[in-house]
Every structure is written in C-alpha cells, then in structure tokens.
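Examination of the molecular architecture
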Amino acid sequence: MASPMSAGKFLAGLKAEGLTVVEVGDWEHHNRNHKGPWGPVHGVMIHHTVTKGSKRTVELCRDGYADLPGPLCHGVITKDGRVHLVGYGRANHAGLGDDDVLRAVIAEKALPRDNEANTDGNRHFYGFECENLGDGKDPWPAAQLEAIEKAAAAICRHHGWTERSVIGHLEWQPGKVDPRGFTMTSMRQRIRERLQ
C-alpha cells in the first residue's frame with residue numbers, strides 16, 4: 001500500500017530520470033479530488049490520446065471536455081519526448097477496470113485478462129496520456145517511447161515497484177485498445193532494464 005508521492009517529489013523524480021518536463025499552469029493543484037480519494041496508489045497506466053498536435057493534446061488533457069472534465073492524466077508525453085504536467089491528484093484517466101488486474105498489479109504478478117469493470121482505477125494509478133492517433137499507423141518516435149519508459153521508471157523507482165506495476169489501459173478496462181502501436185510487454189522490458 002503506497003501513498004502518492006508529493007507533487008514536488010513527482011517533478012524531481014521525472015527530472016532525475018533525465019526527462020524534459022513542462023509545467024502547465026497550476027498543475028500541482030489541478031485534480032478531481034472532490035470526486036473521491038487518490039490513493040493508495042499501486043501502479044502506472046499508459047494511454048494514447050487519439051489526437052494530433054501537441055498544443056491541442058496538452059490543452060485537452062488539462063481541461064477535458066463536457067462529458068469528462070480534466071485533468072485526464074498527470075502527464076502528457078508528446079511526440080518530441082517532453083512530459084507536460086497537467087494535473088496532480090485524482091485524474092479522469094483510468095475509469096472502472098478489473099479488480100483481478102489490480103490484485104495482480106499489487107502482487108506484481110502476470111496480468112489476468114480484463115473481463116470486468118468494477119474497480120475505480122482513477123484512485124489507484126498514476127496516468128500518462130501519450131500523443132498518438134491510436135490507429136496503429138501513427139508512428140511512435142524513439143524520443144517518445146524513451147520518455148514513456150523513463151516516466152514510468154521514475155515512479156517505480158520512487159515506490160520500489162518493478163516493471164510489473166506498469167500497465168496499459170487495454171489491460172485494465174475491457175474494450176480499451178490503448179496504447180496501440182507498441183506492446184506493453186516490450187515497454188515493461190525496457191522499464192525493467194532501466195530499473196536494474
């Protein structure tokens with residue numbers, strides 16, 4: 001059981017991992033905490049945005065939209081490998097997912113197939129939205145993949161987690177496909193090597 005790190009430690013951890021970080025507005029206090037608790041945290045969730053254009057993507061992830069208010073994640077990882085911090089605390093990114101998957105993440109064991117949506121993921125996961133159309137054709141630049149690896153590793157390093165605490169949205173909630181264009185198995189391998 002882990003309490004979320006402070007916003008200051010989050011920022012410092014990302015920078016210590018070698019990331020270029022862009023602080024967007026009052027990100028440290030922009031959250032959905034009035035809708036429920038954030039924590040205990042158990043892992044990191046990776047998403048794709050289904051958007052094009054870094055400026056628009058960052059704004060959308062910060063502000064959200066009519067049916068889903070922002071922030072929609074903690075950090076937006078753009079194509080150039082920069083991490084834009086848009087919120088800190090509870091964020092509308094994970095939604096309801098499978099309690100069996102959460103138990104596997106906590107135990108750092110192989111993930112079962114997600115077949116239920118009965119558990120609040122916004123409470124338990126750090127979230128990174130990654131700028132990509134999500135059509136399987138839009139490329140994932142090397143700088144962006146490296147930034148995903150580093151961002152996830154920074155959080156794992158702080159909490160003493162292994163790469164098994166990093167999952168994709170598609171592994172959490174039935175019907176989701178993100179991130180599409182690389183496998184979470186390959187990303188976890190990269191994170192494992194970085195943490196060694």
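You'll find the structure just up there.
Residues numbered from 1 in each chain as written. Predicted model: local features only at pLDDT ≥ 70, side-chain atom pairs only at ≥ 80, totals over all residues. Heavy atoms only, no water.

A separate point is the pairing of strand 2 (residues 43-48). Buried residues dominate strand 2, accounting for six of its six residues. Burial of strand 2 is two-sided: the residues Gly43, Met45 and His47 facing one way and the residues Val44, Ile46 and His48 facing the other way are all buried. With three bridges connecting them, strand 2 and strand 10 (residues 166-168) associate as parallel partners. Each residue of the ladder has a partner; that of isoleucine 46, found in strand 10, is glycine 168. (Buried < 20%, exposed > 50% of the residue type's maximum accessible area, 1.4 Å probe, protein only. Helix = DSSP H or I, 4+ residues; strand = E, 2+ residues; numbered from the N terminus. Pairing = 2+ DSSP bridges.)

Between side chains of opposite charge, a pair can form as their charged atoms come close. Inspection of the entire model under this criterion finds 13 salt bridges. Taking the shortest distance from any N to any O, the salt bridge between aspartate 99 and arginine 103 comes out at 3.4 Å. With aspartate 99 and arginine 103 both in helix 3 (residues 99-107) and four residues apart, this pair spans about one turn of that helix. On the basis of relative accessibility, which here comes to 47%, the residue arginine 103 falls in the partly exposed class. By sharing partners, the salt bridges in this structure join Glu17, Glu149, Arg157, Arg190 and Arg194 into a single network. (Salt bridge = Lys/Arg side-chain N within 4 Å of Asp/Glu carboxyl O.)

By themselves, these figures tell us nothing about what the structure is for.
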